[in-house]
Amino acid sequence: MKETLESIFSSESPIRNCSITVLDNKSDDGSSELIDEYAVKYKNLTHIRHNRNIGGNANICRCYELASKKYFWILCDDDAYDWTSWNDVLGALNDGVDAVVVAKYISPEENIAQLICQLSFVPAAIYKTENISDTVMQNAEFQISALFPHLALVCELINENKNIRIVRNPIVNRLSHPEMESYTRGISGNKHPIMRNMTWTIGMMATLQLISD
């Protein structure tokens with residue numbers, strides 16, 4: 001979290017003056033205190049701490065629910081950023097695209113299947129907020145149990161043939177954390193059998209049913 005906040009507010013960061021909201025999923029590891037320190041220093045940072053740990057995927061849906069600016073970008077706390085090609089992103093946003101892909105999560109083949117795989121990485125794109133309809137929001141919440149709530153919006157953009165632009169040089173790079181189980185992190189005690197046995201393959205199969213054609 002500290003490295004991510006330092007990257008966001010560094011002198012090279014083009015988003016350092018944007019509205020930054022940190023959704024704190026009832027952290028108990030010192031993250032809350034760290035976020036408060038940055039919120040005092042940077043007045044454009046808002047710290048929202050949940051009363052309970054709602055789970056990582058529900059937290060993504062909270063981002064969708066709270067998005068209010070023309071564009072929104074959901075960042076995670078454990079990735080790396082390279083701002084070198086930000087002008088390409090800015091050009092896409094000024095052109096009014098519905099989404100701009102800012103990551104090379106997997107191989108950069110350009111087809112619908114690859115795009116969906118690419119955008120399964122949460123920070124992989126910046127999205128136009130007006131495309132979050134009530135239907136998209138409810139589909140996203142339904143998808144919480146299937147690992148990919150954020151792909152509800154992606155599938156809608158594909159169904160509607162919206163304008164999606166891919167930046168050639170990635171801004172965000174996923175770091176590997178094989179020891180981390182984000183899906184059920186923070187849960188102790190009895191887990192629902194579907195949650196306990198959910199895999200990425202099953203989650204993706206459920207997600208792809210949102211594609212019309």
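Attention in this report is confined to the structure presented alongside it. Just so it is clear, the model here is predicted, and its values are computed rather than measured.

So, unusual backbone geometry
Of note, Leu147 is a non-glycine position whose phi angle comes to about 80 degrees, a positive value. With respect to the helices, strands and loops of the structure, Leu147 is situated in the loop between helix H6 (134–142) and helix H7 (151–159). For Leu147, a relative accessible area of 9% puts it in the buried group. Although it is not a glycine, Asn161 adopts a positive phi angle of roughly 55 degrees. For Asn161, the position within the fold is in the loop between H7 and strand E7 (164–166). Exposure remark for Asn161: the relative accessible area of 70% places this residue in the exposed category.

So, the packing of aromatic side chains
One pass over the structure, following the stated rule, counts 10 aromatic pairs. Ring centres of Tyr81 and Trp83 lie 5.6 Å apart, and the angle between their planes is 10 degrees; this geometry places the pair in the stacked category.

Considerations on the environment of Asp78
Within the secondary structure, Asp78 sits in the loop between strand E3 (71–72) and strand E4 (79–81). When the C-alpha positions of Asp78 and Ala39 are compared, they lie 19 Å apart, and in sequence the two are 39 residues distant.

Focus on the sheet that holds strand E6 (residues 125–128)
The sheet built from 4 strands is open, its strands ordered E3-E6-E5-E7 with mixed pairing. In this open sheet, the two edge strands, each paired with only one partner strand, are E3 and E7. As defined by bridge partners, strand E5 (residues 99–101) adjoins E7 across 3 bridges and the pair is classed as parallel. Note on E7: the bridge partner recorded for Ala99 is Ile164. Here helix H5 (residues 112–119) sits on the sheet in contact with E5, E6 and E7, set at roughly 85 degrees to E5.

A short note on the packing of H6 against H7
Running from N to C, H6 and H7 point in directions that differ by 135 degrees, and their axes come no closer than 8 Å. Our classification of the angle between H6 and H7 gives oblique. When you trace H6 past H7, the crossing you get is right-handed. When H6 is examined against H7, the residues Val136, Asn139 and Ala140 are found in contact with a partner set consisting of Ala152, Leu153 and Glu156.

Re the pairing of strand E1 (residues 20–24)
Within E1, 4 of the 5 residues are buried, leaving the element largely enclosed by the surrounding structure. One ladder, built from 5 bridges, connects E1 with strand E2 (residues 45–49); its direction is parallel. Across the sheet, the residue bridging to Ile20 is Leu45, located in E2. With respect to chirality, the unit in which E1 leads through helix H2 (residues 31–41) into the neighbouring parallel E2 is right-handed.

Basis of the calculations
- Residues numbered from 1 in each chain as written.
- Predicted model: local features only at pLDDT ≥ 70, side-chain atom pairs only at ≥ 80, totals over all residues.
- Heavy atoms only, no water.
- Helix = DSSP H or I, 4+ residues; strand = E, 2+ residues; numbered from the N terminus.
- Buried < 20%, exposed > 50% of the residue type's maximum accessible area, 1.4 Å probe, protein only.
- Phe/Tyr/Trp six-rings, centres within 6.5 Å; stacked < 30°, edge-to-face > 60°.
- Pairing = 2+ DSSP bridges.
- Contact = heavy atoms within 4.5 Å.
- Axes fitted to C-alpha atoms, helices over the stretch in contact; angles between N-to-C directions.
- Parallel < 35°, antiparallel > 145°, perpendicular 65-115°, else oblique.
- Left-handed = near helix turned anticlockwise from the far one by under 90°.
- Right-handed = clockwise from strand over helix to strand, strands pointing away.

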